[in-house]
Amino acid sequence: MIPVVIHAELPPYMNDVPEVIRAFSPHIQESPEGVPLRIELSETDAALSWRVLLDGTVDAGRIALPDERLLAKRLAKRAVKNAVYRVLSSACGVSLPYGSLTGVRPTKLFYDLNGSDSYRIQQLIEQFYVSPARAELIGNVVKNQRGYYLPSDDKLDLFVNIPICPTRCKYCSFISTEYHRVKRLVPLYVEAVGEEIGQIASLAKESGKTLNGIYVGGGTPTSLNAAELEAILKPLSHFGVEFTVEAGRPDSVTEEKLKALKDLNVTRISVNPQTLHDRTLQRIGRGHTTADFYRAYEGAAKYGFDINTDLIAGLPGESFEDFRYSLDTVLSLRPENVTVHTLSIKRGAIFKEEGQEKRVDGAVRAMADYAIDTLCGSGYLPYYMYRQKNMADNLENVGYCLPDKQCRYNIDYMEESNTVLSAGAGAVSKFVSVADNRIERRSNAKGFEEYLRRAGKI
């Protein structure tokens, strides 16, 4: 570990440059007594010069900037991020799988680059130091979005947030609450969110835009009983589009709820084991067993839903063999979608409070690499991806599907290709203007009770 103290005066538009530095943790750690890392910039309208210095390593350079200011800022920021990456990679003796890339959406840069797919993959490797394997993964995700990634001001999606779970998982940082804590308020939430759904459904119809998909997430929507689910979802049951409901906690899935979802024309649900080892499930606070997963999965399959299953690589105490068993067993069920997450130690999660640190020993990368090879070798297509802070081995989350089983909403939301209207506590609507290259976000109250208060229910 290299202790460093950071000296940098960066313009506001370079606010994500420090994310490159943070990506190298725990190889480096900020310390008042550390070695100075200096970032020195000199910028005019026509050019940017930089010097990045750390313990005798210097990266200096200059680039000409175009007249168009947004483009100039983008190029300047990329140059500085690359310089910081080169210095830290040299000092720490490590290369990160996504090089100097920061942010949630690595596919966004791929779409911004010009040229053939193979040329853009090469640009990721040469210009941004992305590893060949991850550059190819990004390219394959984009390839498998074709026919689904269709940016448009004439389309939209609907999202409903039900931030309630049976128990709180230790890795979770979502603003959600446990059912037993808010049981007395659930009828009021059902009423409030139902009214808001009616408003956004009307807005969707009046807009004249084409509805692409509906997604009901959380939390765990199936924490509610069948009658409560029906009351919330009925206004959305007549659109005849892709309709997804998260039923991620197998212990929340019952025959009565599955039948209600089918009667409401839901087309796709998630049933998420995360791991198929009971000892790990207990360790991470899942509150269900592998037997619960098989029971819920069998019930969902009986009703003919497209099913997604989530797995997490890098859970505490799990070895490569543990992860491989979970993945191979899930694949034997042949779900339509499989999402492989890399464990992220998130602010607000119990793991963070317990002092868990992100792993960077390469063990989790071996799990993720196995998932890529095995899923692609089994006929699954990587079709959406995103990244988060503090991910083990600085990796990614990837959604895979069988051919023609892409979830439209997942692509629309992750690639921000059209407007998403949202309802519920903590929900965020995104108003996308493709023509103006602009996104406006509007957020609902995050807290469960605050949402009800603003809705006039308490």
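Note that the coordinates shown come from a computational prediction; the quantities given were computed from them, not determined experimentally. (Residues numbered from 1 in each chain as written. Predicted model: local features only at pLDDT ≥ 70, side-chain atom pairs only at ≥ 80, totals over all residues. Heavy atoms only, no water.)

Secondary-structure assignment places Leu264 in the loop between helix 9 (255-263) and strand 11 (268-270). For Leu264 and His238, which are 26 residues apart along the polypeptide, the C-alpha to C-alpha distance reads 8.1 Å. Not counting residues within four places of it along the chain, the set of residues in contact with Leu264 comprises Leu229, Glu230, Leu233, Lys234, Ser237 and Phe243. (Helix = DSSP H or I, 4+ residues; strand = E, 2+ residues; numbered from the N terminus. Contact = heavy atoms within 4.5 Å.)

Further remarks concern the packing of helix 4 (residues 117-128) against helix 5 (residues 132-144). Contact pair helix 4 / helix 5: the axes reach a minimum separation of 9 Å and the direction vectors enclose 145°. In this structure, the crossing between helix 4 and helix 5 has a hand that is right-handed. Seen from helix 4, the contacting residues are Ile121, Leu124 and Ile125; seen from helix 5, they are Pro132, Ala135, Glu136, Ile138 and Gly139. (Axes fitted to C-alpha atoms, helices over the stretch in contact; angles between N-to-C directions. Left-handed = near helix turned anticlockwise from the far one by under 90°.)

Another aspect to go through is the pattern of salt bridges. One pass over the structure, following the stated rule, counts 29 salt bridges. One salt bridge in this structure joins Glu255 and Lys302, with 3.0 Å as the shortest N-O distance. Placement of the pair is Glu255 in helix 9 and Lys302 in helix 11 (residues 290-302), with a sequence separation of 47 residues. What makes Glu255 partly exposed here is its relative accessible area of 41%. (Salt bridge = Lys/Arg side-chain N within 4 Å of Asp/Glu carboxyl O. Buried < 20%, exposed > 50% of the residue type's maximum accessible area, 1.4 Å probe, protein only.)

Across the sheet, which stays open at both edges, the 5 strands sit in the order 2-1-3-4-5 with mixed pairing between neighbours. Only two strands of the sheet have a single partner each, and these edge strands are strand 2 (28-30) and strand 5 (57-64). Within the sheet, the average angular offset between the axes of one strand and its neighbour, ignoring direction, is 25°. Where strand 4 (residues 47-54) lies against strand 5, 8 bridges are found, and the strand directions are antiparallel. Its bridge partner lying in strand 5, Leu48 is registered against Ile63. Each of strand 1 (2-8), strand 2, strand 3 (35-43), strand 4 and strand 5 is contacted by helix 2 (residues 69-92), which is oriented at about 20° to strand 4, the strand it contacts most. (Pairing = 2+ DSSP bridges.)

Attention now moves to the side chain of Thr222. Mapped onto the elements, Thr222 comes out in the loop between strand 9 (210-218) and helix 8 (226-233). Apart from the residues lying within four places of it in its own chain, the contact partners of Thr222 are Leu229, Glu246, Ala247, Ser252, Lys257 and Leu261.

As judged from the 5 bridges shared by strand 1 and strand 3, these two strands associate in the parallel manner. Bridging from a neighbouring strand, Val5 pairs with Pro36 of strand 3. Examined bridge by bridge, strand 3 and strand 4 share 7 bridges and lie antiparallel to one another. When the sheet's bridge partners are listed, Arg38 is paired in strand 4 with Leu53. Turn length for the strand 3-strand 4 hairpin, with the two strands adjacent in sequence and antiparallel, is 3 residues.

In this section: the UniProt feature "domain: Radical SAM core" (unreviewed entry) in the chain. Feature annotation in UniProt places "domain: Radical SAM core" (unreviewed entry) on residues 150-373, given in this structure's numbering. Helix makes up 41% of residues 150-373 and strand 19%. Its end C-alpha atoms lie 28 Å apart. (UniProt positions renumbered as here; feature names shortened; annotations may be inferred.)

What follows deals with unusual backbone geometry. For the bond running from Ser25 to Pro26, omega is 0°, close enough to zero to count as cis. Considering the arrangement of structural elements, one finds Pro26 in the loop between helix 1 (17-23) and strand 2. With omega at 15°, the peptide bond leading from Gly218 into Gly219 counts as cis. One non-glycine residue, Asn265, lies in positive phi territory at about 70°. Mapped onto the secondary structure, Asn265 falls in the loop between helix 9 and strand 11. Here Asn265 falls in the partly exposed class, since its relative accessible area comes to 43%. One non-glycine residue with positive phi stands out, namely Glu416, at about 50°. Glu416 gets classed as buried once you look at its relative accessible area, which sits at 12%.

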